[in-house]
Amino acid sequence: MTHRTRPPSRICPNCDGFASAAITLGGRNRNGHLRTITAHCSACHGTGIARRSPVREGARV
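The structure displayed is predicted, hence computed values, not measured ones.

A.B. asks: Can you walk me through the overall build of the chain in this structure?
C.D. replies: When helices and strands are tallied, the chain shows 0 helices and 2 strands. For the chain, restricting intrachain contacts to residue pairs at least 6 apart in sequence, the fraction spanning at least 24 positions comes to 51%. In the form shown here, the chain has an accessible surface area of approximately 6,200 Å², with 51% of it arising from carbon and sulfur atoms.

Okay, structure coming up:
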């Protein structure tokens, strides 16, 4: 008996699955660490997975 598998998740076409990136601002803080910010993909909101659009079946009116 085969196991049921989930359909493969859709990777976001805008970020190719790399939804977040750490960007250095240049310079260091008082402790010597690099100052960074995190940027998220605006299309998938940092998840890396594209939303599935509902499929409509039937004829157009």
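A.B. asks: Looking at this structure, I do not really get a nonpolar patch on the surface. What am I missing?
C.D. replies: On the surface, Ile23, Leu25 and Ile37 cluster together into a nonpolar patch covering about 250 Å² of accessible area. With respect to the helices and strands, Leu25 occurs in strand 1 (residues 20-28).

A.B. asks: What is the right way to look at the environment of Ser20 in this model?
C.D. replies: Its location among the elements puts Ser20 in strand 1. You can call Ser20 partly exposed: its relative accessible area is 41%. Along the sequence, Ser20 and Ala39 sit 19 residues apart, while their C-alpha atoms lie 5.6 Å from each other.

Cut-offs applied
- Residues numbered from 1 in each chain as written.
- Predicted model: local features only at pLDDT ≥ 70, side-chain atom pairs only at ≥ 80, totals over all residues.
- Heavy atoms only, no water.
- Helix = DSSP H or I, 4+ residues; strand = E, 2+ residues; numbered from the N terminus.
- Contact = heavy atoms within 4.5 Å.
- Areas by Shrake-Rupley, 256 points an atom, 1.4 Å probe, with all protein chains shown as cover.
- Patch = residues over 30% accessible without salt bridge, like charges linked within 9 Å, V, L, I, M, F, W, Y side chains within 5 Å.
- Salt bridge = Lys/Arg side-chain N within 4 Å of Asp/Glu carboxyl O.
- Buried < 20%, exposed > 50% of the residue type's maximum accessible area, 1.4 Å probe, protein only.

Spatial relationships are all this shows, so hold off on functional conclusions.
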